[in-house]
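# Descriptive structure summary
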Amino acid sequence: ETGVTQTPRHLVMGMTNKKSLKCEQHLGHNAMYWYKQSAKKPLELMFVYNFKEQTENNSVPSRFSPECPNSSHLFLHLHTLQPEDSALYLCASSQELWAPETQYFGPGTRLLVL
Amino acid sequence: DQQVKQNSPSLSVQEGRISILNCDYTNSMFDYFLWYKKYPAEGPTFLISISSIKDKNEDGRFTVFLNKSAKHLSLHIVPSQPGDSAVYFCAASAGGPVGAGSYQLTFGKGTKLSVIP
């Protein structure tokens, strides 16, 4: 596969569940990002990793826990979520940190919290 | 408070005509602006950008205009084609195309463009 892939594409979970979102990039990029897009809201940056090190945490609640074991993989661990966390979660990567023109996005995981 | 606003949630245009998508911003520190295009079930893809030192940037059928005094930018697509039907996001940053520090993107909510054959 090429580009940025995300699994699962759709996820339904209860408020007491624990689940993880996975992102993988096959582009040799060094920076990876998690974004959230809620209904009727703009895309919001959640976390940024550069060379596996977290560089940004945009005041995201601790029920969202990112993990970046290597430059190609990014996870978002979810636990005790709330219904308002239902959203599209997008992963992106770029060759250098920020570099918005070369930021490639995955197709997203559509999450529904019941 | 939204710093990047796309006030038109949707726009319909006849094939062959011009599509004009608008974007307003409030943060005067923004100096780099981008447009992304998103098809259903896919992630956004970069389309075109403009730096605040310019007022126009053109790439084929796509032109972005920047009016700094009005804090307004627009994306012109001419001629519009059915394949242009997608959601278009305007985004802004305060750090230029590449730089050190936190130059995260601030996005608008998007405008859904439908090009009618």
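Above this note sits the structure.
Heads up: these notes are all about the structure in this document. Just so it is clear, the model here is predicted, and its values are computed rather than measured.

Applying the stated criterion across every chain yields a total of four salt bridges over all chains. A salt bridge links Arg-63 of chain A to Asp-85 of chain A; the shortest N-O distance between them is 2.7 Å. Of the two residues, Arg-63 of chain A sits in the loop between strand 6 (53-57) and strand 7 (64-70) while Asp-85 of chain A sits in the loop between strand 8 (73-79) and strand 9 (87-94), which places them 22 residues apart along the sequence. Both residues of the pair, Arg-63 of chain A and Asp-85 of chain A, count as buried. Connected via shared salt-bridge partners are Lys-37, Arg-61 and Asp-84 of chain B.

All names here are of chain B. Relative to the assigned elements, Lys-38 resides in strand 4 (residues 32-38). Buried and without a salt bridge, Lys-38 has Glu-42 as its closest oppositely charged side chain, separated by 8.1 Å. One polar contact links the side chain of Lys-38 to the main-chain carbonyl oxygen of Glu-42, over a distance of 3.0 Å.

Right, let's talk about the state of the cysteines for a bit. Residue and element names in this part refer to chain B. Per the counting criterion, the structure on display carries two disulfides over all chains. Note on cysteine connectivity: Cys-23 is disulfide-linked to Cys-90, with sulfurs 2.0 Å apart. Residues Cys-23 and Cys-90 are joined through a disulfide that is left-handed, its torsion about the S-S bond being -75°. With a gap of 67 residues between them, Cys-23 in strand 3 (residues 19-25) and Cys-90 in strand 9 (residues 86-93) connect regions that are remote in the sequence.

Listed by partner, the interface residues are 21 residues for chain A and 23 residues for chain B. The largest contributions to the chain A side of the interface with chain B come from Trp-98, Pro-100 and Glu-101 of chain A, which together make up 34% of the buried area. Viewed at the interface, chain B and chain A are joined by zero salt bridges. Summed over the shared surface of chain A and chain B, the number is six residue pairs in polar contact (both at pLDDT 80 or more). Within the residue set of the side of chain A that touches chain B, elements represented by two or more residues are strand 4 (31-37) and strand 9 of chain A.

What follows concerns the sheet that holds strand 3 of chain B. Residue and element names in this part refer to chain B. Spatial strand order, 1-3-8-7-6: five strands in an open sheet with antiparallel pairing. Edge positions in the open sheet fall to strand 1 (4-5) and strand 6 (56-59), since each of these has one partner strand only. Sheet topology places strand 3 next to strand 8 (residues 72-77); six bridges connect them, and they run antiparallel. Following the sheet pairing, Ile-20 is matched in strand 8 by His-76.

All names here are of chain A. The four strands are arranged 1-3-8-7 in an open sheet whose pairing can be described as antiparallel. At either margin of the open sheet sits one strand with a lone partner, and together these are strand 1 (4-7) and strand 7. Each strand of the sheet is rotated relative to its neighbour by a mean of 20°, with strand direction disregarded. Note that strand 3 (residues 18-25) and strand 8 share seven bridges and pair antiparallel. What sits directly across from Cys-23, in strand 8, is Leu-74.

Each aromatic ring pair is characterised by the separation of its centres together with the angle its planes make. Summed over all chains, the structure comprises nine aromatic pairs over all chains. Each ring, one from Tyr-35 of chain A and one from Phe-107 of chain B, has its centre 5.8 Å from the other, and the planes form 90°; the classification is edge-to-face. Of this pair, Tyr-35 of chain A sits in strand 4 while Phe-107 of chain B sits in strand 10 (residues 106-107), on two different chains. With a relative accessible area of 0%, Tyr-35 of chain A lands in the buried category.

Calculation criteria
Residues numbered from 1 in each chain as written. Chains lettered and ligands numbered in written order. Predicted model: local features only at pLDDT ≥ 70, side-chain atom pairs only at ≥ 80, totals over all residues. Heavy atoms only, no water. Salt bridge = Lys/Arg side-chain N within 4 Å of Asp/Glu carboxyl O. Helix = DSSP H or I, 4+ residues; strand = E, 2+ residues; numbered from the N terminus. Buried < 20%, exposed > 50% of the residue type's maximum accessible area, 1.4 Å probe, protein only. Lys, Arg positive; Asp, Glu negative; His and termini not counted. Polar contact = N/O pair within 3.5 Å; in protein donor to acceptor, adjacent residues only side chain to side chain. Disulfide = S-S within 2.5 Å. Contact = heavy atoms within 4.5 Å. Buried area = accessible area lost by both parts, 1.4 Å probe. Pairing = 2+ DSSP bridges. Axes fitted to C-alpha atoms, helices over the stretch in contact; angles between N-to-C directions. Phe/Tyr/Trp six-rings, centres within 6.5 Å; stacked < 30°, edge-to-face > 60°.

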